[in-house]
Amino acid sequence: MGDIDWAYGLAKDLLETALPRRWAHTRGVAEQAERLGPILGADTDVLIAASLLHDIGYAPDLVDTGMHQLDGARYLRDVAGAEDRLCRLVAYHSCADNEARQRDLFDVLAAEFDQEKPDLARALTYCDMTTDPDGRHLDVRDRLAEIHSRYGREHVVSRSIVAATPCIVSSVRAVEAALSDVRQAGAG
């Protein structure tokens, strides 16, 4: 629980006042993570902490490259002294390697951070991509449409989301299938 409390406090300090809507989204993403306990077991706490921290790179004082995943992971590593798993999850959340390619930062991202276990990466993608900017839960296709409408088709984020859509959708569907399997096993 210590990492979760720490992550909550850090994210709240960085986002609540400066970016209240991003803070609402972050809290909703963490709520989604809490629901994944039945499929993640001991890794659930790491996922909740990463969910709380995944968007800190949007905080005005942290913006450096403009790629929030990389900026947030660097802050966690260099300033906050976070454990490597959290840094890796934040750095690559929601198929961020696609945005890194769009921004010509892929080599930088790959040199600085390794990727985390696929099941945790998929779980964080699920949590992020099934939560809208106000913290409400929604279908992944609606979330992708919302991102496009917010940024516009030509923005680097929209272009990277187009490239990442197969990865995002397959991650979400894999987590949904795992949750369904757990529910069916519990009912049987």
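Residues numbered from 1 in each chain as written. Predicted model: local features only at pLDDT ≥ 70, side-chain atom pairs only at ≥ 80, totals over all residues. Heavy atoms only, no water.

A. Quick peek at helix α2 (residues 20–34). Between its first and last C-alpha, α2 extends 21 Å over 15 residues, near the 21 Å set by a 1.5 Å rise per residue. All of the buried residues in α2 are Arg22, Trp23, Ala24, His25, Thr26, Gly28, Val29, Ala30, Gln32 and Ala33. (Helix = DSSP H or I, 4+ residues; strand = E, 2+ residues; numbered from the N terminus. Expected span 1.5 Å × (residues − 1). Buried < 20%, exposed > 50% of the residue type's maximum accessible area, 1.4 Å probe, protein only.)

B. Quick look at the state of the cysteines. Across all of its chains, the model carries one disulfide by this definition. Bridging Cys95 to Cys167, the disulfide has an S-S length of 2.1 Å. Around the S-S axis, the bridge from Cys95 to Cys167 shows a dihedral of about -80° and counts as left-handed. Within this pair, whereas Cys95 is found in the loop between α6 (84–92) and α7 (97–102), its partner Cys167 is found in helix α11 (residues 156–187), the two being separated by 72 residues in sequence. (Disulfide = S-S within 2.5 Å.)

C. Representation of unusual backbone geometry within the structure. With phi around 55°, Ser94 is a residue other than glycine that occupies positive phi space. Mapped onto the elements, Ser94 comes out in the loop between α6 and α7. The phi torsion at Asp104 lies on the positive side, around 55°, for a residue other than glycine.

D. Up close: the packing of helix α5 (residues 68–80) against α6. One can describe the packing of α5 onto α6 by two numbers: an axis separation of 7 Å at closest approach and a directional angle of 165°. Looking at the two axes, α5 sits roughly antiparallel to α6. Crossing of α5 over α6 shows right-handed handedness. Each of Gln69, Gly72, Ala73, Leu76 and Arg77 in α5 lies in contact with α6, whose residues at this interface are Leu86, Cys87, Val90 and Ala91. Its residues assigned to classes, the contact of α5 with α6 comprises six nonpolar, two polar and one charged. (Axes fitted to C-alpha atoms, helices over the stretch in contact; angles between N-to-C directions. Parallel < 35°, antiparallel > 145°, perpendicular 65-115°, else oblique. Left-handed = near helix turned anticlockwise from the far one by under 90°. Contact = heavy atoms within 4.5 Å. Nonpolar A, V, L, I, M, F, W, Y, C, P; charged D, E, K, R; others polar.)

E. View of the packing of aromatic side chains. Overall, the coordinates contain one aromatic pair when judged by the stated rule. A centroid spacing of 5.2 Å and a plane angle of 65° characterise the contact between Tyr8 and Trp23, whose relative ring orientation is edge-to-face. Taken together, the positions of Tyr8 in helix α1 (residues 2–15) and Trp23 in helix α2 put the pair 15 residues apart, joining distant regions of the chain. Tyr8 gets classed as partly exposed once you look at its relative accessible area, which sits at 37%. Its relative accessible area of 3% is what places Trp23 among the buried residues. Against the face of Tyr58 rests Arg22, its NZ or CZ located 3.7 Å from the ring centre. (Phe/Tyr/Trp six-rings, centres within 6.5 Å; stacked < 30°, edge-to-face > 60°. Lys NZ or Arg CZ within 6 Å of the ring centre and 35° of its normal.)

F. Structural detail: the pattern of salt bridges. On inspection of all chains with the given rule, the structure shows 19 salt bridges. The salt bridge involving Asp64 is made with Arg74; its shortest N-O contact spans 3.3 Å. Residue Asp64 is located in the loop between α4 (44–53) and α5, and its partner Arg74 is located in helix α5; the two are separated by ten residues in the primary sequence. On the accessibility criterion, Asp64 (59% relative accessible area) is exposed. Measuring nitrogen to oxygen at the nearest pair gives 3.5 Å for the salt bridge that ties Glu116 to Arg85. Here the residue Glu116 occupies a position in the loop between α8 (106–112) and α9 (118–128), and Arg85 occupies one in helix α6, the gap between them amounting to 31 residues. (Salt bridge = Lys/Arg side-chain N within 4 Å of Asp/Glu carboxyl O.)

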